[in-house]
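Per-entry structural report
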Amino acid sequence: MKIRTVIIDDEPRARKMMRSLISEFFEEVNIVGEASSAEEGRMVIKKTSPDLILLDVEMPKGDGFSLIDSFEDLDFEVVFTTAYNDYAITAIKHSALDYLLKPVSIDDLKAMFDRYKEKRNKFRNKSAEAFFIPEISGGGKQSQKIALPTTKGFKIIKLNDIIHGEASRVYSSFFLVDGKEICVSRSLKYFEGLLKEYGFMRVHGSSIINLDHIDEYFRGTQGKAGHVLMSNGQEVSVSRNKRVDLLEKFSLGQG
């Protein structure tokens, strides 16, 4: 399977060098797009849906980190490329697969692509779909069971046992009533579409909640967003653009 790759760098010479190295030495890699800025890179990523991006840090009109922060969910791996070694910690915080110093060597690229393939194989069930288990008893939406893909197969749970979920870049973590946490190699955006008809709502870029598990809602103060207190005692932020939608779910209007 080809690794669909996008190169984002404001230096034409750097892009050409990277393209040449990959084309000559890594036949398993398919370069599907290039960009010279963060803004252009965002458009190319949306258009090409890559598996991996090679991203320069310092660019005009927005750096590489701001580009990554502009995505609510990441369904691709990120490798930062830069001539400076000052950004390693920030790269780690952005869940980067790797951090390569320029000039990038063939050995560096090989190690990086090997790491990507190892991770892809480890989570080879990433393409596995979550699916609903037919409900024989007809107990309603919240008694519906769902099978979540895991590294070993599927975890079958009742929807009402899910309190809330959080985005972790290309993964989603679900918090259950028994205190357990399940990490699934699918984006929260995927589950938002799957669960919205079952009493779940995306209340923040990084959070989805089960409306049946809300204990309290707290309005924001001084321009700050509010939050909800879930049945497990955890607080989940509610973004300002989601506040009205949440209140409408409870017929509270904008009060």
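Right above here is the structure, for reference.
An account of the accompanying structure is given in this report.

Basis of the calculations
Residues numbered from 1 in each chain as written. Predicted model: local features only at pLDDT ≥ 70, side-chain atom pairs only at ≥ 80, totals over all residues. Heavy atoms only, no water. Patch = residues over 30% accessible without salt bridge, like charges linked within 9 Å, V, L, I, M, F, W, Y side chains within 5 Å. Areas by Shrake-Rupley, 256 points an atom, 1.4 Å probe, with all protein chains shown as cover. Salt bridge = Lys/Arg side-chain N within 4 Å of Asp/Glu carboxyl O. Helix = DSSP H or I, 4+ residues; strand = E, 2+ residues; numbered from the N terminus. Buried < 20%, exposed > 50% of the residue type's maximum accessible area, 1.4 Å probe, protein only. Phe/Tyr/Trp six-rings, centres within 6.5 Å; stacked < 30°, edge-to-face > 60°. Pairing = 2+ DSSP bridges. Axes fitted to C-alpha atoms, helices over the stretch in contact; angles between N-to-C directions.

**A closer look at a nonpolar patch on the surface**
On the surface, a nonpolar cluster with roughly 290 Å² of combined accessible area is contributed by F131, F154 and I156. In this fold, I156 is placed in strand 8 (residues 154-158).

**Focus on the pattern of salt bridges**
Any two side chains of opposite charge can pair, given that their charged atoms come close. Within this structure, the stated rule accounts for nine salt bridges. In this structure, K117 and D114 form a salt bridge, with 3.8 Å as the shortest nitrogen-oxygen distance. Taken together, the residues K117 and D114, both in helix 5 (residues 106-122) and three residues apart, mark about one turn of the helix. A relative accessible area of 33% means that D114 is categorised as partly exposed. Ionic pairing is found between E192 and R202, a salt bridge with its closest N-O pair at 3.1 Å. Taken as a pair, E192 in helix 6 (residues 188-195) and R202 in strand 12 (residues 200-204) lie far apart in primary sequence, 10 residues in all. Owing to a relative accessible area of 24%, E192 belongs among the partly exposed residues under this scheme. If you follow the salt bridges from partner to partner, you end up with E28, K110, D114 and K117 in one network.

**Some details on the packing of aromatic side chains**
Applying the stated criterion to the full structure yields four aromatic pairs. When the centroid spacing of 5.1 Å and the interplanar angle of 50° are considered together, the rings of F26 and F113 count as tilted. Of the two residues, F26 sits in the loop between helix 1 (12-25) and strand 2 (29-35) while F113 sits in helix 5, which places them 87 residues apart along the sequence. Side by side, F26 and F113 carry an identical accessibility label, which is buried. Between F65 and F80, the ring centres sit 4.7 Å apart and the planes meet at 50°, which makes this aromatic pair tilted. With F65 in helix 3 (residues 64-69) and F80 in strand 4 (residues 77-82), the pair connects residues that are 15 residues apart, well separated along the chain. Neither residue differs from the other here; F65 and F80 are each classed as buried. Feature note: the residues F174, Y190 and F191 constitute an aromatic cluster, connected by ring pairs.

**Considering the sheet that holds strand 8**
Within the open sheet, the three strands sit side by side as 6-7-8. Their pairing is antiparallel. Edge positions in the sheet fall to strand 6 (131-133) and strand 8, since each has one partner strand and no second. If you compare each strand with its neighbour and ignore which way they point, the axes differ by 35° on average. By the bridge criterion, three bridges tie strand 6 to strand 7 (residues 145-149) in an arrangement that is antiparallel. Residue pairing in the sheet places F132 in a bridge with I146 of strand 7.

**Some points on unusual backbone geometry**
The step from K102 to P103 runs through a cis peptide bond, and the omega angle for that step is -5°. Examined against the element boundaries, P103 turns out to sit in the loop between strand 5 (98-101) and helix 5. Notably, S49 is not glycine yet its phi reads approximately 50°, a positive angle. Mapped onto the fold, S49 is located in the loop between helix 2 (38-48) and strand 3 (52-56).

**Looking at the sheet that holds strand 16 (residues 235-238)**
Read across the sheet, three strands follow the order 14-15-16 without closing on themselves; strand pairing throughout is antiparallel. If you trace the sheet from one side to the other, it starts and ends with strand 14 (214-218) and strand 16, each paired once. In this sheet, adjacent strand axes meet at a mean angle of 25° when their direction is disregarded. The pairing of strand 14 with strand 15 (residues 226-230) spans four bridges and is classified as antiparallel. Looking at the pairing, Y217 lines up with V228 of strand 15.

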